[in-house]
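Architecture at a glance
Letter by letter, the chains look like this.
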Amino acid sequence: MGLRAWAPGRVNLIGDHTDYMGGLVLPMAIGLGTEITGDRGGNWVMLGSDRFDGGAEIPIAGVPDPSAVEPPWARYVAAVVAEVRPSDGLVGMVHSTLPPGSGLASSAALEVAVATALGADRVNPVAAAQACQRAEERAVGVPCGIMDQLVSLAAVEGMVLRIDCDTLAIEHVPFPEDAEVVVVHSGQHRELTGSAYAQRRAECEAAERLIGRLRDATPADAERIDDPLLRRRARHVTTENERVDALASALAGGQLTYAGELLAASHASMRDDFEVSTPVLDELVSTVRGVPGVYGARVTGAGFGGCVVVLCRPKTRIHGPVVWRGRPAPGANLATT
Ligand code: GLA
């Protein structure tokens, strides 16, 4: 019997570089993602790709070290096989509509699609997301948080997810009827591996040793840090956590102008305090903000390039490379064919 597994990418409305510190995030699934079609059986996971050269050929028993697998995209497949430990193999194809290196969680979508195809427990999306998060680290050594994998698994149509990355509790916040999200590409390709991502995380951990858990700290606590760089990093995380709750309430209450102001404040914090924006992203954000019908815009995801997320009235005309537009999409699913 054949199967089709689908895992969406995501756009994060607010709450970036907070998940790995146990903070708050407010992402939604988008209508772009990764699909695997194939058949279960055998002792190997063998997948081709419509995007990348070469195939993934992974034995289900005795998976090799995922970080050494070739071609590089197969490292994610190997790492998920190592985490999920399926009792049957899979032969099939991977198709993706997500542009890689754009801050839309294409690697998480691949991990979640493979895990879903291999029968990972979707009744318990947290456990499946944790397995995929571990897989990302095993595959490419990026110490990522859980946001991308969890939203891909647990998203609900029409809802933004408020995730507490400490307790892993998920609240579904209704997205306003009279609004739309547009994702615009900056043209700058971002590679999470080798970027300053791990360095930012280490800086947050250093700040935490000074003032206690950033998740529980306030912006006033951050101001007590003498080191100016660590103070800025802690200020970003503590103020961003507050903005997540503020934006969740603003969306639920239909206060879209205020929502736009929160996006502006988040962008400034990512630019000045966390230093993960780029001049190209800053320019795109300021151009888009001037368009009639736009409530707000900010860099989304890890930063260092990739995409800008725009909150606007439905059908607002945005010039530039629009990657996707719409309302929150549903999460991963598995169908038999
Ligand atoms: C990447 C990581 C996530 C998160 C974001 C920044 O997408 O995979 O866990 O840390 O960056 O918010």
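As a starting point, this report considers the structure included with it. The structure displayed is predicted, hence computed values, not measured ones. (Residues numbered from 1 in each chain as written. Predicted model: local features only at pLDDT ≥ 70, side-chain atom pairs only at ≥ 80, totals over all residues. Heavy atoms only, no water.)

Regarding helix H4 (residues 147-154)
How we decide: Each residue's exposure class comes from its accessible area (1.4 Å probe, protein chains only) as a fraction of the maximum for that residue type: buried when under 20%, exposed when over 50%, partly exposed otherwise. A run of DSSP states H or I qualifies as a helix once it reaches four residues; a run of E qualifies as a strand once it reaches two. Both are numbered from the N-terminal end.
Here H4 lies mainly inside the structure; eight of its eight residues are buried. Of the residues making up H4, those classed as buried are Met147, Asp148, Gln149, Leu150, Val151, Ser152, Leu153 and Ala154.

Here we look at the pairing of strand E7 (residues 159-164)
Taken residue by residue, a regular strand's side chains alternate between the two faces of the sheet. We count it as follows: Any two strands are treated as partners once DSSP identifies two or more bridges connecting them.
Counting buried positions over the six residues of E7 gives five, a clear majority of the element. Bridging between strand E2 (residues 24-25) and E7 involves two bridges; their strand directions are antiparallel. Residue pairing in the sheet places Val25 in a bridge with Ile163 of E7. Here E7 pairs with strand E8 (residues 170-174) via five bridges, running antiparallel.

As for the pattern of salt bridges
Where charged atoms from two side chains of opposite charge come close, those side chains can pair. Keep this limit in mind: Any carboxyl oxygen of Asp or Glu within 4 Å of a side-chain nitrogen of Lys or Arg constitutes a salt bridge here.
For the structure on display, the rule yields 25 salt bridges. Arg201 is paired through a salt bridge with Glu205; the nearest N and O atoms lie 3.1 Å apart. Taken as a pair, Arg201 and Glu205 lie in helix H5 (residues 197-211) at a separation of four residues, close to a single helical turn. Given a relative accessible area of 31%, Glu205 falls into the partly exposed group. The salt bridge partner of Arg224 is Asp221, with a shortest N-O separation of 3.0 Å. Taking relative accessible area as the criterion, Arg224 reaches 54% and is therefore assigned exposed. One salt-bridge network, held together by shared partners, links Asp164, Asp166, Arg213, Arg215 and Asp216.

Some words on helix H9 (residues 279-289)
Quick note on the threshold: Arc definition: directions from the helix axis to the C-beta atoms. When checking whether two residues touch, look at their non-hydrogen atoms; a contact exists if any pair is within 4.5 Å.
Those residues of H9 lying buried are Leu281, Leu284, Val285 and Val288. The buried residues of H9 occupy an angular sector of 100° when projected down its axis, which confines them to one face. Exposed and facing more than 90 degrees away from the buried side of H9 are Pro279 and Glu283. Those residues of H9 that are buried are in contact with strand E9 (180-185), helix H8 (256-272), strand E10 (294-299) and strand E11 (307-312).

A word on the packing of aromatic side chains
We count it as follows: The pairing test for Phe, Tyr and Trp rings, Trp by its six-membered ring, is centres within 6.5 Å, and the orientation test on the planes gives stacked under 30 degrees, edge-to-face over 60, and tilted for anything in between.
Under the criterion given, the structure shown has two aromatic pairs. Both rings, one in Tyr20 and one in Tyr197, keep their centres 5.3 Å apart while their planes meet at 70°; by these two values the pair is edge-to-face. Of this pair, Tyr20 sits in the loop between strand E1 (2-12) and E2 while Tyr197 sits in helix H5, and the two are 177 residues apart along the sequence. As far as the burial class goes, Tyr20 and Tyr197 line up, both buried.

Considerations on empty space enclosed by the protein
Counted only if it meets this: Cavity: a set of points on a 1 Å grid over the protein atoms alone where a 1.4 Å probe fits but cannot get out. Pocket: an open set with protein on both sides within 12 Å along at least five of seven lines, its lining residues, like those of a cavity, having an atom within 4 Å of a point. Grid points are joined across faces, edges and corners, and a volume is the space filled by probe spheres set on the points.
Evaluation of the coordinates by the stated rule reveals one cavity of 30 Å³ or more. Lining the largest cavity, in full, are Leu13, Leu247, Leu251, Leu263, Val309, Val310 and Leu311. At the level of secondary structure, the elements contributing two or more residues to the lining of the largest cavity comprise helix H7 (228-252) and E11. For the lining of the largest cavity, the element with the most residues is E11, which contributes three residues.

Digging into the layout of surface pockets
Keep this limit in mind: When residues are grouped by polarity, Ala, Val, Leu, Ile, Met, Phe, Trp, Tyr, Cys and Pro land in nonpolar, Asp, Glu, Lys and Arg in charged, and all others, Gly among them, in polar.
Of the voids in this model, the largest pocket is the one considered here, and its volume is about 800 Å³. Tyr76, Gly101, Ser106, Ser107 and Glu136 are, among the 45 residues lining the largest pocket, the residues nearest its centre. Among the secondary structure elements, those contributing two or more residues to the lining of the largest pocket are helix H1 (74-84), strand E6 (90-96), helix H2 (106-117), helix H3 (125-140) and H4. Residue contributions to the lining of the largest pocket peak at four residues, all from H2. Along the lines of polarity and charge, the residues of the lining of the largest pocket split into 20 nonpolar, 14 polar and eleven charged.

Examining the nonpolar core
Defined as follows: Put simply, buried Ala, Val, Leu, Ile, Met, Phe, Trp, Tyr and Cys residues joined by side-chain atoms within 4.5 Å make one nonpolar core.
Counting 48 residues, the largest nonpolar core has Ile36, Val45, Leu47, Val77, Leu90 and Val114 as its most contacted members. Looking at this core element by element, the count peaks at seven residues for H1. Counting 34 residues, the second-largest nonpolar core is a separate cluster that includes Val142, Ile211, Leu230 and Val299.

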